[in-house]
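Below are the chains, spelled out letter by letter.
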Amino acid sequence: PRSTLFPYTTLFRSLTLNENTFSVSVDDTLGTGAELFLFLCLLVTPIVTLTGQRWFVPLRRWYGIMMACCAIGDAVAAGLTDNFAGGFLGRLAEHTFVLMGFMMVMLVIPLLITSNPWAQRKLGRYWKRLQRLTYVIWGLLAAHLILLEGFGFQSGVNGSGFAGDGDPIFHQRLYQYSACSLFLLTLRVPPVKRWIVARQKEGRNWLVYATILPLFALFVLGFIFIANEEIFKGIDSFTEHPSGE
């Protein structure tokens, strides 16, 4: 019966690399995944600053590896399926926003190659300097999103994106990025870090948490919107019903 065959049919179709699915949704899904893992990488340092704990620091390496895999997959999908002229490389450089994404992928490759203890030992003090390319990728992502959607607010189909969940601000990728980045950037400012350390030495952690809470809540809100998009678009892609949004 059709009802018993449906799950197997769906799985088979999901593994066929359907071009329509790739061109409509998969590259976008992979790009969103790369953004999520980038923010998780960047979140480790602020959490260390706030808690003084370091047991979760090794997770940053794995977040970085997953970010690189998603970013490279995004570039491959875009190069194979986007409707731009010029072949594979042409599709990755035809428009400025795509070129920004391609530049991020080029920067993430050396990070991926050196994300192991052997490379860390061989590079010595230069390894940490190389890892600072993450901040360059962070900045290029802002440029990528500005060029992709621009500024503005969503209102139905009138705005910098397509009709989506109806939220005029956090439906926009740039504002999701900004909400997450504000917390991550503030906790990296040296005077802020010194103030946090001083309050912690005074035993006034409650003041630190009360001060940081609004920024952290904004981060969580932006991150939830990005994760929500990733989950639903990912499911749509896997089941061969790609979202055009």
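Structural notes, computed from the coordinates. (Residues numbered from 1 in each chain as written. Predicted model: local features only at pLDDT ≥ 70, side-chain atom pairs only at ≥ 80, totals over all residues. Heavy atoms only, no water.)

It is worth spelling out the overall build of the protein at this point. Check the secondary structure of the protein and you find 11 helices and zero strands. Ordered by position from N to C terminus, the α and β elements of the protein give α-α-α-α-α-α-α-α-α-α-α. Burial analysis of the protein (245 residues in total) assigns 38% to the buried set. Partitioning the intrachain contacts of the protein with sequence separation of at least 6 by distance along the chain shows that 67% fall at a separation of at least 24. Put simply, the protein shows about 13,800 Å² of open surface, and 69% of that area lies on carbon and sulfur atoms. (Helix = DSSP H or I, 4+ residues; strand = E, 2+ residues; numbered from the N terminus. Buried < 20%, exposed > 50% of the residue type's maximum accessible area, 1.4 Å probe, protein only. Contact = heavy atoms within 4.5 Å. Areas by Shrake-Rupley, 256 points an atom, 1.4 Å probe, with all protein chains shown as cover.)

Here we come to the nonpolar core. By size, the foremost hydrophobic cluster in this structure holds 36 residues, and its most contacted members are F39, L50, Y177, F183, L184 and F219. The set of elements that each furnish at least two residues to this core consists of α2 (19-51), α3 (59-81), α5 (96-113), α8 (133-149), α9 (173-186) and α11 (205-238). The greatest single-element share of this core, amounting to seven residues, is contributed by α2. (Core = buried A, V, L, I, M, F, W, Y, C linked by side-chain atoms within 4.5 Å.)

The subject of this paragraph is the layout of surface pockets. One number sums up the size of the second largest pocket: a volume of about 820 Å³. Lining the second largest pocket are 28 residues, with T45, R60, W127, Q131 and T134 sitting closest to its centre. Of all elements in the fold, only α2, α3, α5, α6 (117-123), α7 (125-131) and α8 reach the threshold of two or more residues within the lining of the second largest pocket. Grouping the constituent residues of the lining of the second largest pocket by class yields 15 nonpolar, seven polar and six charged. (1 Å grid on protein atoms, 1.4 Å probe; cavity = no way out; pocket = protein on both sides within 12 Å on 5 of 7 lines; lining within 4 Å. Points joined across faces, edges and corners; volume = space filled by probe spheres on them. Nonpolar A, V, L, I, M, F, W, Y, C, P; charged D, E, K, R; others polar.)

One can describe the packing of α9 onto α11 by two numbers: an axis separation of 8 Å at closest approach and a directional angle of 140°. Comparing the axis directions of α9 and α11 gives the class oblique. Note that α9 runs across α11; the crossing there is left-handed. Residues R173, Q176, A179, C180, L182, F183, L184 and T186 of α9 touch α11, and the partners they reach there are I212, L215, F216, L218, F219, G222, F223, F225, I226, E229 and K233. Residues belonging to the contact of α9 with α11 are distributed by class as follows: 13 nonpolar, three polar and three charged. (Axes fitted to C-alpha atoms, helices over the stretch in contact; angles between N-to-C directions. Parallel < 35°, antiparallel > 145°, perpendicular 65-115°, else oblique. Left-handed = near helix turned anticlockwise from the far one by under 90°.)

Turning next to the side chain of R188. Among the structural elements, R188 can be located in the loop between α9 and α10 (190-201). Side-chain polar atoms of R188 contact the backbone oxygen of L184, separated by 3.1 Å. For R188, the residues in contact, after removing those within four places along its chain, are L42, T45, P46, Y135, W138 and K193. (Polar contact = N/O pair within 3.5 Å; in protein donor to acceptor, adjacent residues only side chain to side chain.)

The next thing to look at is the pattern of salt bridges. This structure, assessed with the given rule, holds three salt bridges. Across the pair R199 and E202 runs a salt bridge whose closest N-O atoms are separated by 2.8 Å. With relative accessibility at 44%, the residue E202 sits in the partly exposed group. Between R204 and E202 there is a salt bridge whose closest N-O contact spans 3.3 Å. Its relative accessible area of 34% is what places R204 among the partly exposed residues. Among the charged side chains, a salt-bridge network with shared partners connects R199, E202 and R204. (Salt bridge = Lys/Arg side-chain N within 4 Å of Asp/Glu carboxyl O.)

What the rule picks out here adds up to eight aromatic pairs. Arranged with centres 6.2 Å apart and planes meeting at 15°, the rings of F216 and F219 form a pair that is stacked. Within this pair, F216 and its partner F219 are both found in helix α11, separated by three residues, close to a single helical turn. By relative accessible area, which is 4% here, F219 ends up buried. The interplanar angle of 25° and the centroid separation of 5.7 Å between the aromatic rings of F219 and F223 together place this pair among those described as stacked. Of the two residues, F219 and F223 are both situated in helix α11; the distance of four residues between them amounts to about one turn of the helix. Summarising the burial analysis for this pair, F219 and F223 share the class buried. These aromatic residues form a ring-pair network of at least three members: F183, F216, F219 and F223. (Phe/Tyr/Trp six-rings, centres within 6.5 Å; stacked < 30°, edge-to-face > 60°.)

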